[in-house]
Amino acid sequence: MRTRTKVTTLFLLAALFAAVSGCGQNKQAAQQAGEPEVTVVSINPQKLTLTTVLAGRTSAHLMSDVRPQVGGIIQKRLFKEGSDVKAGQQLYQIDPATYQAAYANARATLSKAEANAQPARLKAERYGNLVKVNGVSRQDNDDAQAAYQQAQAEVISAKAALDTARINLNYTRVNAPISGRIGKSTVTPGALVTASQATALATIQQIDPIYVDVTQSSAEVMRLKRDLASGKLKKAGADGAKVKLLFEDGTAYDQDGVLQFSDITVDQTTGVITLRALFPNTGHVILPGLYVRAVLEEGVNDQALLVPQAAVSRDTKGAAQVMVVKPDNIVEVRPISVDRVVGDKWLVTAGLTAGERVIVEGLQKVRPGAKVKAIETTAPAAQPDQQNNATAPQAAAQAAPATVPAAAPAAKAEAKPKAEPAKTKAEAPKAKESAKAEPAAKAPAKAPAEKTAQTSVSSPVTGAATKAVTHAETKATTTAVTKATTKAEMKTPDAAKHDKGSAYSPPKDQPWPSSSLDGHAPENSTKHN
């Protein structure tokens, strides 16, 4: 009885020792996990040229609609659609027959007027000389002078009519008013056109250089003027702000433009101001009416603070915030104000000062007020591998079941020896000796169990895996101890009977149990009648 009690006590002490060792290692792992490693970036001021992207349309530098100034039938079209034309180049030929006749008539009328003016001039000269010597009356002289002046007026009128006829005749030749690229023709030879008709015959556009008209809200324009006036921003250049061009597909134009002017009137319906930039277009790559985005230089900020986007998170209200590591390595949540995105960073306007450190990697491992181990980096670190994070809990769950079976066999090994039934009277001394030898047989079984428990506790697991393993080991050890104690108590009465030398009598109609303590089974067994 005392021997079995000592065995049970030793087993309980071994289980408690294993549990205490596991708790100590868990505390040490928890202390190590209390200072997670995070990657930080120091925020330093730098010179930054601020730009803004505005959407707009391109428009031709010069544009002219070609319309006829006289009516008639189109005889010829003298240009190729989509080609470049020069100013004064003939584009169409209108039937000139009627205009040639009008010109000839006007010329004849001038000749007649000049012929009538010749005798009137001579008569006026003679009457002027005779009136001096009273050779003619003054009335006759006045009539002769008036007739001469009337003849001169008719000559001038005839000349004007001749000029008009010549101009109309020239208008039958439709020429290009400007140089540029001409579009498609709206008429073909044989079509009837009229003077100053609403429909243009063709359109000529000069696209080298070319305008880019963009719009900007009046509030942004006023803010930019305030920043420039206060010195927060500096002008990008003395020759005008540089402008870059982005096409609809996102590709950049290889030549820079210059901002020409901003409109002085705000659109009442949209509240925007029109800005115009001029771009060279030597290869005619930019076409009129194209949707583009213009990147305008607003100014230069000499003390710009840029924070990687990976470091910026949002609170429940949508406000931007960052995790700041203070000089004592304590994490602090800092709300910030951001202005715009610059590449892969945010431009911070308030909330941070130069030299502060913000966490860019490891945000999921820290909380406000915790102490961390900061690792400095000069560039934003990559995002943590989501696949590794997803498999970490699974590894911990797999580690726990692997430890439980290790402890369970140990418990079974200790609880395996059962109380042997009492032998016959002849074998009673052997049973007593076997009861004394049981503690020696139990000692080797206890040692593997303790070794298994210590091995599972000392395995290198951290975090959630450590907690799962410790919980499983403690539970398995407690279960094994309880079972072993219960079985040991169940064996105590039989052992007491053996110590007192009492005889064992099996139930009726049951055979006598055999014993293998002497290394061989009894030859025969008898039933109890």
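Residues numbered from 1 in each chain as written. Predicted model: local features only at pLDDT ≥ 70, side-chain atom pairs only at ≥ 80, totals over all residues. Heavy atoms only, no water.

### Digging into the overall build of the protein
To keep things clear, this is the line we draw: What counts as a helix is a DSSP run of H or I of at least four residues, what counts as a strand is a run of E of at least two, and both are numbered from the N terminus. Should any heavy atoms of two residues lie within 4.5 Å, those residues are considered in contact. All accessible-area figures derive from a Shrake-Rupley calculation using a 1.4 Å probe, and residue coverage is judged against the displayed protein chains alone.
From N to C terminus, the protein includes seven helices and 20 strands. Across the protein, the fraction of contacts at a sequence separation of at least 24, relative to all contacts at a separation of at least 6, is 75%. In the form shown here, the protein has an accessible surface area of approximately 31,700 Å², with 54% of it arising from carbon and sulfur atoms.

### Observations concerning the sheet that holds strand 3 (residues 72–77)
Rules: By definition, two strands form a pair when at least two bridges between them are found by DSSP.
Spatial ordering of the open sheet is given by 6-5-3-8, a layout of four strands whose pairing is antiparallel. Looking at strand neighbours, the two that pair on one side only are strand 6 (173–175) and strand 8 (192–193), the edges of this open sheet. Here strand 3 pairs with strand 8 via two bridges, running antiparallel. Note on strand 8: the bridge partner recorded for glycine 72 is valine 193.

### Section: helix 2 (residues 97–130)
The line we're drawing: Expected helix span is given by 1.5 Å per residue-to-residue step, counting one fewer step than there are residues.
The end-to-end C-alpha separation of helix 2 is 51 Å, in line with the 50 Å expected for 34 residues at 1.5 Å each. Next to the buried residues of helix 2 lie helix 3 (138–171).

### Observations concerning the packing of helix 2 against helix 3
So the rule is basically this: Each axis is a line fitted through C-alpha atoms, taken for helices only over the stretch in contact, and angles between the N-to-C directions span 0 to 180 degrees. An angle below 35 degrees is treated as roughly parallel, one above 145 as roughly antiparallel, one from 65 to 115 as roughly perpendicular, and anything else as oblique. Here is the rule for handedness: rotate from the far helix to the near one, and if that takes an anticlockwise turn smaller than a right angle the crossing is left-handed, while a clockwise turn gives right-handed. For this classification, the nonpolar set comprises Ala, Val, Leu, Ile, Met, Phe, Trp, Tyr, Cys and Pro, the charged set comprises Asp, Glu, Lys and Arg, and every other residue, Gly included, is treated as polar.
Contact geometry of helix 2 with helix 3 gives a least axis separation of 7 Å together with a crossing angle of 160 degrees. The pairing of helix 2 with helix 3 is recorded here as roughly antiparallel in orientation. The interaxial crossing formed by helix 2 with helix 3 has left-handed handedness. A class-by-class count of the residues in the contact of helix 2 with helix 3 yields 20 nonpolar, eight polar and nine charged.

### A few points about helix 4 (residues 218–230)
Counted only if it meets this: Partly exposed residues are those whose accessible area sits between 20% and 50% of the maximum for their type, while under 20% is buried and over 50% is exposed, using a 1.4 Å probe and protein chains only. Each C-beta atom gives one direction from the helix axis, and the arc is the one those directions make.
In this model helix 4 runs 18 Å from its N-terminal to its C-terminal C-alpha over 13 residues, within 8% of the 18 Å that 1.5 Å per residue would give. Among the residues of helix 4, Val221, Arg223, Leu224 and Asp227 are the ones counted as buried. Each buried residue of helix 4 sits inside an arc of 165 degrees when the element is viewed along its axis, so together they form one side. Opposite the buried face of helix 4, by more than 90 degrees, sit the exposed residues Ala219, Lys225, Arg226, Ala229 and Ser230.

### A short note on the pattern of salt bridges
The condition is simple: Each salt bridge in this description consists of a side-chain nitrogen of Lys or Arg and a carboxyl oxygen of Asp or Glu lying within 4 Å of one another.
What the rule picks out here adds up to 13 salt bridges. Arginine 181 is the salt-bridge partner of aspartate 84, the closest N and O atoms lying 3.2 Å from each other. One end of the pair, aspartate 84, is in strand 4 (residues 84–85); the other, arginine 181, is in strand 7 (residues 180–182), with 97 residues separating them in the sequence. The exposure class of arginine 181 is partly exposed, given its relative accessible area of 31%. Because the salt bridges share partners, they merge into one network encompassing Glu332, Arg334 and Glu356.

### Re the environment of leucine 62
If you trace the backbone, leucine 62 turns up in strand 2 (residues 46–66). A relative accessible area of 36% places leucine 62 in the partly exposed class. Non-local contacts of leucine 62, meaning those with residues more than four positions away in its chain, are made with Ile178, Ile204, Gln205 and Gln206.

### As for the environment of aspartate 256
Put simply, the test is: Nitrogen and oxygen atoms within 3.5 Å of one another constitute a polar contact, given that in protein one can donate a hydrogen and the other can accept it, and given that sequence-neighbouring residues count only through two side-chain atoms.
Relative to the assigned elements, aspartate 256 resides in the loop between strand 10 (242–246) and strand 11 (257–262). The spatial distance from the C-alpha of aspartate 256 to the C-alpha of lysine 244 is 5.2 Å, given a sequence separation of 12 residues. Not counting the four nearest positions on each side in its chain, aspartate 256 is found in contact with Val243, Lys244, Phe279 and Pro280. For aspartate 256, the side chain forms a polar contact with the side chain of lysine 244, separated by 3.4 Å.

### Focus on the side chain of asparagine 141
Checked against the element boundaries, asparagine 141 lands in helix 3. We classify asparagine 141 as buried; its relative accessible area is 11%. Apart from the residues within four sequence positions on either side, asparagine 141 is in contact with Ala124, Tyr127, Gly128 and Val131.

### Some remarks on unusual backbone geometry
Each neighbour pair has its own omega, and for aspartate 208 with proline 209 the value is 0 degrees, a cis peptide bond. Note on placement: proline 209 falls in strand 9 (residues 202–217). Of note in this structure, histidine 284 is not a glycine but carries a positive phi near 55 degrees. With respect to the helices and strands, the residue histidine 284 is situated in the loop between strand 12 (272–279) and strand 13 (291–308).

### What to know about the packing of aromatic side chains
Given two aromatic rings, their pairing is described by the distance between the two centres and the angle made by the two planes. The test is simple: Pairing of aromatic side chains requires ring centres within 6.5 Å, counting the rings of Phe and Tyr and the six-membered ring of Trp. Pairs whose planes differ by under 30 degrees are stacked, by over 60 edge-to-face, and all others tilted. Whether a charge lies above a ring is judged from NZ of Lys or CZ of Arg, which has to be within 6 Å of the ring centre and within 35 degrees of the ring normal.
Taken as a whole and assessed by the stated rule, the structure comprises three aromatic pairs. Between the aromatic rings of tyrosine 253 and phenylalanine 279, the centroid separation amounts to 6.4 Å while the plane-to-plane angle is 65 degrees, which identifies the pairing as edge-to-face. Of this pair, tyrosine 253 sits in the loop between strand 10 and strand 11 while phenylalanine 279 sits in strand 12, placing them 26 residues apart in sequence. Its relative accessible area of 0% is what places phenylalanine 279 among the buried residues. Ring pairing ties together the aromatic residues Phe247, Tyr253 and Phe279, which thus form one cluster. A cation sits over an aromatic face here: arginine 77 above phenylalanine 79, 5.4 Å from the ring centre.

### With respect to the pairing of strand 18 (residues 345–350)
Pairing analysis gives four bridges linking strand 13 to strand 18, with the strands arranged antiparallel. Its bridge partner being in strand 18, proline 308 is matched across the sheet by lysine 345. Here strand 17 (residues 337–342) folds back onto strand 18 in antiparallel fashion, the turn holding two residues, of which glycine 343 has a positive phi close to 65 degrees.

### What to know about the confidence of the model for the protein
Here is the rule we go by: pLDDT expresses, on a scale from 0 to 100, how confident the predictor is about each individual residue.
Model confidence for the protein is summarised by a mean pLDDT of 74, while 63% of its residues fall at 70 or above. Across residues 380–470 the pLDDT falls below 50, and counting only partners more than four positions away or on other chains, this stretch makes 85 contacts in the model. Scored below 50 in pLDDT, residues 516–529 shows 22 contacts in the model against residues more than four places distant or in partner chains.

### Focus on the pairing of strand 2
Pairing between strand 2 and strand 13: 11 bridges, direction antiparallel. By the bridge assignment, threonine 52 is partnered in strand 13 with leucine 296. Summarising the sheet, strand 2 and strand 9 pair through 10 bridges and their orientation is antiparallel. If you follow threonine 58 over to strand 9, its bridge partner there is valine 212.

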